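Examining the three-dimensional arrangement
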Amino acid sequence: MTPGTHLRRRPFPTAVGAVLLLASSLLAVGGPAAAGPAPAPRPAAHWTFDEGAGTVAHDSSGNGHTGTLVGAGAGWGPGRIGPDSLAVTPQSSVDAPAGIIDTTRSFSVSAWVKLTSVAGYQTFVSVDGGNLSGFYLQLRADTGTFSFTVPTADSITSGGAVASAPWTPSTGVWYHLTGVDDLAAGQVELYVNGVLQAEVRVSGTWPATGDTAIGRGYYNRGQVDWVSGQIDDVQLFQQALTGNQVCGLGVGLDGSCAPTPATLDVNGAQPGPAVSPSLFGSFLEDINHSVEGGLYGELIQNRSLMAATTPDDWSAVTGGAGQASIALDPGHPLNSALTRSLRLSVGTVGAGSRVGIANDGFWGIPVHPSTTYTASFSAEASTRLTGPLTVSVEGTDGTVYATGTVRGLGTSWRQYSVRLTTARSAPDTSDARFVISTADPAFAGTSVWFDQVSLFPPTYQNQANGLRVDLMAKLAALHPAFLRFPGGNYLEGDTIATRFNWKDTVGPTDQRPGHLDDAWGYWSTDGMGLLEYLEMAEDLHAQPVLAIWAGYTLNGTVVPADQLGPYVQDAVDELQYATGPVTSYWGAQRAADGHPKPFPVSTVEIGNEDFFDASGSYNDRYTAFYDALHAAYPSLKFIATTPVTSRPYDLIDDHFYSPPAWFDANSHYYDSYPRTGPDVFVGEFAAQSGVPTPDISAALGDASWLAGLERNSDVVRMASYAPLLVDVNDVTWPTNMIGFNASTSYVSPTYYAQQLLAQRHGDRVLGVTTSAGAQLQTVATRDSRTGTVYLTVINPSPLAAPATVKLTGLGRLGRTATVTVLAGTSSADTNTITDPNHIHPVSSTVHGLGSSFHRDFAPYSMTVFTIPAG
Ligand code: AHR
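In short, a report on the structure. What you see is a predicted model; the values in this text were computed from it and never measured. Within every chain, residues take consecutive numbers counted from 1 along the sequence as written. Totals for whole chains, interfaces and linings use every residue, but because this is a predicted model, local features are given only for residues with pLDDT of at least 70 and side-chain atom pairs only at 80 or more, for both listing and counting. Values shown for side chains rest on all heavy atoms present in the structure; no hydrogens or waters enter the calculation.

1. Observations concerning the sheet that holds strand β29 (residues 432-438)
The strands that make up a sheet are held in pairs by hydrogen bonds between backbone atoms, and each pair lies either parallel or antiparallel. Which entries qualify depends on this criterion: A pair of strands is treated as paired once DSSP finds two or more bridges between them. Comment: elements are numbered from the N terminus, with helices defined as DSSP H or I runs of at least four residues and strands as E runs of at least two. Lines fitted to C-alpha atoms define the axes, with helix axes restricted to the stretch in contact, and inter-axis angles between N-to-C directions lie between 0 and 180 degrees.
The five strands lie next to each other as β21-β24-β29-β26-β27, forming an open sheet whose pairing is antiparallel. Both outer strands of the open sheet, β21 (314-319) and β27 (400-406), are each paired with one neighbouring strand and no more. Pairwise comparison of adjacent strand axes, ignoring direction, gives a mean angle of 25 degrees for this sheet. For strand β24 (residues 354-359) and β29, the ladder comprises five bridges, and the chain directions are antiparallel.

2. Focus: the side chain of Ser524
Selection criterion: A 3.5 Å cut-off defines polar contacts: any pair of N or O atoms within that distance qualifies, except that in protein one atom must be a possible hydrogen donor and the other a possible acceptor, and neighbouring residues in sequence count only when both atoms are side-chain atoms. By the convention used here, residues are in contact when the closest approach between their heavy atoms is within 4.5 Å.
Here Ser524 shows up in strand β33 (residues 522-524). A distance of 3.1 Å separates the side chain of Ser524 from the backbone nitrogen of Asp526, its partner in a polar contact. In contact with Ser524, not counting residues within four places along its chain, are Asp286, Glu292, Tyr490, Gly514, His515 and Asp517.

3. Section: the site of the ligand
For the record, the criterion: Consider each residue's heavy atoms; a residue with any of them within 4 Å of a molecule or strand counts as near. Per-residue and other accessible areas were derived by the Shrake-Rupley procedure at a 1.4 Å probe size, with only the shown protein chains allowed to occlude residues. All residues other than Ala, Val, Leu, Ile, Met, Phe, Trp, Tyr, Cys, Pro, Asp, Glu, Lys and Arg, Gly among them, are scored as polar; the first ten of these are nonpolar and the last four charged.
Taken together, Glu285, Ile287, Gly488, Asn489, Trp520, Asn608, Glu609, Tyr657, Glu684, Ala722, Pro723 and Trp733 make up the full set of residues near the ligand. In the model, an oxygen atom of the ligand is placed 2.8 Å from a nitrogen or oxygen of the Asn489 main chain. One of the side-chain N or O atoms of Glu609 is found 2.7 Å from an oxygen atom in the ligand. Protein contact buries 98% of the 280 Å² of open area that the ligand shows by itself. Among the residues forming the shell around the ligand, the class breakdown is six nonpolar, three polar and three charged.

4. Structural notes on the pairing of strand β26 (residues 389-395)
Put simply, the test is: Partly exposed describes any residue whose relative accessible area lies between the buried limit of under 20% and the exposed limit of over 50%, with all areas from a 1.4 Å probe on protein chains only and scaled to the type maximum.
Taken across its seven residues, β26 has six buried, putting it largely inside the fold. Sheet analysis places β26 next to β27, joined by six bridges and oriented antiparallel. Following the sheet pairing, Ser392 is matched in β27 by Thr403. A loop of four residues connects β26 with β27, the two strands running antiparallel in sequence, and Gly398 in this loop sits at a positive phi of about 95 degrees. In this sheet, β29 lies alongside β26 in antiparallel orientation, the contact comprising six bridges. Along β29, the bridge assignment pairs Val393 with Phe434.

5. Some details on the pattern of salt bridges
The line we're drawing: Note on definitions: salt bridges are taken to be side-chain nitrogens of Lys or Arg within 4 Å of carboxyl oxygens of Asp or Glu.
In this structure the tally under the stated criterion is 18 salt bridges. The closest approach of N and O atoms between Arg484 and Glu684, which form a salt bridge, is 3.0 Å. You can see Arg484 sitting in strand β31 (residues 482-485) and its partner Glu684 sitting in strand β38 (residues 679-687), a full 200 residues away along the chain. According to the relative accessible area criterion, Glu684 is buried, its value standing at 5%. A salt bridge links Lys503 to Asp570, with the shortest nitrogen-to-oxygen separation between them at 2.7 Å. Residue Lys503 is found in the loop between α6 (489-492) and β32 (515-517), and its partner Asp570 is found in helix α8 (residues 565-579); the two are separated by 67 residues along the sequence. Lys503 gets classed as partly exposed once you look at its relative accessible area, which sits at 26%. For Asp570, a relative accessible area of 16% gives the class buried. The network of salt bridges with shared partners includes Arg484, Glu605, Asp653 and Glu684.

6. Structural notes on the environment of Thr374
Turning to its location among the elements, Thr374 is positioned in strand β25 (residues 372-381). With 193 residues separating them along the chain, Thr374 and Tyr567 place their C-alpha atoms 37 Å apart. Polar contacts involving the side chain of Thr374 include one to the side chain of Arg419, which spans 3.3 Å.

7. Here's the deal with the pairing of strand β14 (residues 195-201)
Where burial is concerned, most of β14 is hidden: seven out of the seven residues are buried. The pairing of strand β13 (residues 187-192) with β14 spans six bridges and is antiparallel. Bridge pairing links Val188 to Val200 in β14. Between β13 and β14, which pair antiparallel and follow one another directly, the connecting turn spans two residues, one of which, Asn193, has a positive phi of 50 degrees.

8. Some details on the packing of aromatic side chains
For the record, the criterion: Classification of ring pairs uses Phe, Tyr and Trp, with its six-membered ring standing for Trp, and accepts pairs whose centres are within 6.5 Å; under 30 degrees between planes counts as stacked, over 60 as edge-to-face, and the remaining range as tilted. Working rule: Lys NZ or Arg CZ, within 6 Å of ring centre, within 35 degrees of ring normal, means a charge sits over the ring.
Under the criterion given, the structure shown has 42 aromatic pairs. Ring centres of Tyr622 and Tyr626 lie 5.9 Å apart, and the angle between their planes is 20 degrees; on these two criteria the pair is classed as stacked. Of this pair, Tyr622 and Tyr626 both sit in helix α10 (residues 618-632), four residues apart, which is roughly one turn of the helix. Residue Tyr626 is classed as buried on the basis of its relative accessible area of 10%. Chaining the aromatic ring pairs together yields one cluster made of Phe656, Trp662, Phe663, Tyr669, Tyr670, Tyr673 and Trp705. Across the ring face of Phe283, the terminal group of Arg484 is positioned such that the distance to the ring centre comes to 4.1 Å. Above the plane of the ring of Trp549 lies Arg499, whose end atom (NZ or CZ) is 5.1 Å from the centre.

Structure (structure tokens):
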């Protein structure tokens with residue numbers, strides 16, 4: 001599969017996810033019903049498809065909704081219920097009259113289906129609207145699973161709810177599907193064979209008043225989603241069926257619709273590949289203010305006044321009789337890099353008044369008790385002024401939390417610095433701003449220019465120009481094996497001018513012009529430049545994976561091969577800056593910048609997502625960069641972003657963004673991947689459900705996916721989730737691993753899922769055989785030194801999954817094991833900035849598990865067993 005295309009082929013599923021996620025945080029959820037059979041209510045329509053001949057399908061409900069077989073491929077086959085069923089191929093269906101059910105009220109739909117192909121979208125039952133179907137009981141192409149899809153409105157951009165089974169069906173097998181749209185509960189549900197598969201929240205209804213269709217759907221004003229297979233016993237109900245009623249529709253007449261207990265056989269005698277030591281890494285790019293205003297410690301927004309042609313984020317302070325105004329002044333550059341400054345034009349400063357400038361930071365300035373900030377700025381005045389400037393962090397109500405003074409403004413630029421400390425009694429808040437002001441009447445009638453106005457809180461490991469402590473602590477606790485940076489789209493830029501031009505990001509910060517992060521819509525000062533990214537990797541003890549800009553931008557600009565020379569040289573220089581001896585030109589620059597020791601960059605990625613380059617130039621561009629870099633650094637490893645034929649590459653970078661059900665169903669994606677070519681780097685992946693951070697359903701999709709990557713460690717060598725960070729005030733990208741605001745941060749269920757997998761594994765994969773039909777995803781590993789066995793079991797379904805776990809060929813098993821569970825109570829259960837610890841792993845000790853034990857895996861859960869053995 002071409003990475004990313006499953007998201008883009010058809011816009012509707014993506015929008016569905018996003019709207020669903022937004023809706024999901026607003027509504028309450030009911031638990032899954034216990035499933036024992038109960039009589040179903042009278043259907044509004046019921047096609048048994050037992051005619052066996054002709055083109056008429058009678059409605060046995062007595063309501064007279066006779067269907068008509070349409071298309072040459074519509075006919076008859078052996079029945080699942082009764083003697084016959086409807087047999088359909090593409091371009092054929094059964095059309096029944098309009099108005100059988102009202103889609104603005106609760107309803108249910110059920111059908112038996114047996115497929116001859118599980119490719120593409122196939123809709124079994126639907127009702128036509130103006131643009132879309134009112135619902136689709138279907139197989140989805142993007143997830144490969146059965147789903148009940150209910151659009152929120154009759155528009156392809158409106159979104160909706162998608163309740164999907166977390167597993168891929170087989171051809172040639174009869175399945176019973178029921179979709180329930182329960183407006184009272186505000187959710188839609190999908191049952192397969194009477195077992196609840198998913199329940200997702202939804203808002204908004206609309207009347208789909210067209211024909212009822214069996215064997216197709218309706219999308220973008222066209223008939224689509226043709227079915228290849230058989231359909232039997234279709235029923236429509238004008239009410240939300242309960243779990244017991246679904247069970248009673250014929251699937252549970254044996255007495256129960258409870259899930260069949262699974263068996264999981266962990267076999268020590270069937271060791272798999274060695275676990276890739278570099279599998280679990282991180283990827284950082286400046287998106288959602290991840291870096292600027294986030295990880296990068298600077299608290300002042302637009303500190304260098306280069307972000308806009310107006311003094312954005314700055315305001316004049318005028319208290320009492322003080323009069324002053326501010327303006328952006330291109331006539332007073334600080335230097336050739338920072339070509340504009342902020343002019344404070346003072347009118348009057350009377351007794352008891354003040355004038356000055358204020359900056360609101362990135363959605364506030366964080367205040368915490370007993371905290372020391374370092375404030376600095378450059379300033380010059382229209383005349384010498386000896387009076388003090390007061391530098392402070394103040395509440396928006398005027399409360400002064402920390403303050404200091406500087407003196408002696410001259411008529412040429414000078415840098416000032418002062419430390420500000422909050423009291424022990426200071427609150428934790430971000431309802432504050434940064435102010436430089438004066439109450440000195442001598443300032444009346446003068447102008448003062450400011451530039452590179454900076455405020456740093458304490459930083460990680462107290463580094464100057466450093467990183468935010470809480471975010472770095474969270475990243476460090478993931479122990480990433482590598483750090484891929486600086487992008488992503490951020491690397492590429494929308495244009496050549498706005499790419500990550502590394503040479504503009506090194507040296508003193510007031511010599512860095514900054515650039516527009518036009519991929520994500522804000523200014524980057526480049527205070528976090530190449531050196532800081534490399535130092536971050538060093539601080540995390542992670543291998544730096546340096547992404548090299550490779551002559552292609554997001555707006556489709558391609559640098560022609562004969563003009564690539566300067567950019568290729570930039571790349572060679574970049575490697576020299578990172579890895580060269582201090583005697584080299586760029587190595588000496590690095591030393592002058594404060595880091596004489598070379599960084600251990602052994603792997604570079606050439607470009608980003610070059611499969612989007614429709615011109616097909618990547619092969620040639622890769623060649624140019626490869627040849628120069630390989631000649632200069634023969635041991636360098638190369639990552640290609642899409643296959644090339646011109647030169648070798650060590651890894652291919654695959655990217656995946658999809659709904660959780662896709663990841664649940666594709667845990668085995670790499671099982672059949674060729675082992676004869678370059679290895680795989682899954683440089684970006686995310687199960688997308690939850691805004692701004694993933695909910696438990698997404699975390700379990702991510703866990704199922706990572707489990708599959710770990711099982712395939714012989715070919716998948718590295719993986720990193722994306723995006724890593726989001727300021728909850730700037731959610732440009734919907735689903736991100738760690739959320740923060742100016743003063744606090746939290747981790748998502750996906751963070752915990754990755755952390756559990758990354759920290760609880762051995763060095764050798766073990767085979768796990770799972771009984772047919774089990775909805776559980778697993779990975780088992782063993783520590784060959786200690787013998788400890790790690791077994792991770794993921795249950796993404798809304799029902800507890802009973803299973804018998806057997807451990808064979810593992811020698812003597814220790815009596816005491818640790819069981820760690822990460823679980824939610826509904827698919828949308830999650831952590832938020834105001835409820836940061838809602839979902840977290842809980843560990844317990846269990847005694848005497850033995851070589852065979854029973855476990856009910858909780859709904860929406862991930863369970864990790866750590867079992868001593870030897
Ligand atoms: O992770 C967000 C974006 O997704 C990355 O910048 C890009 O590489 C991908 O399209």
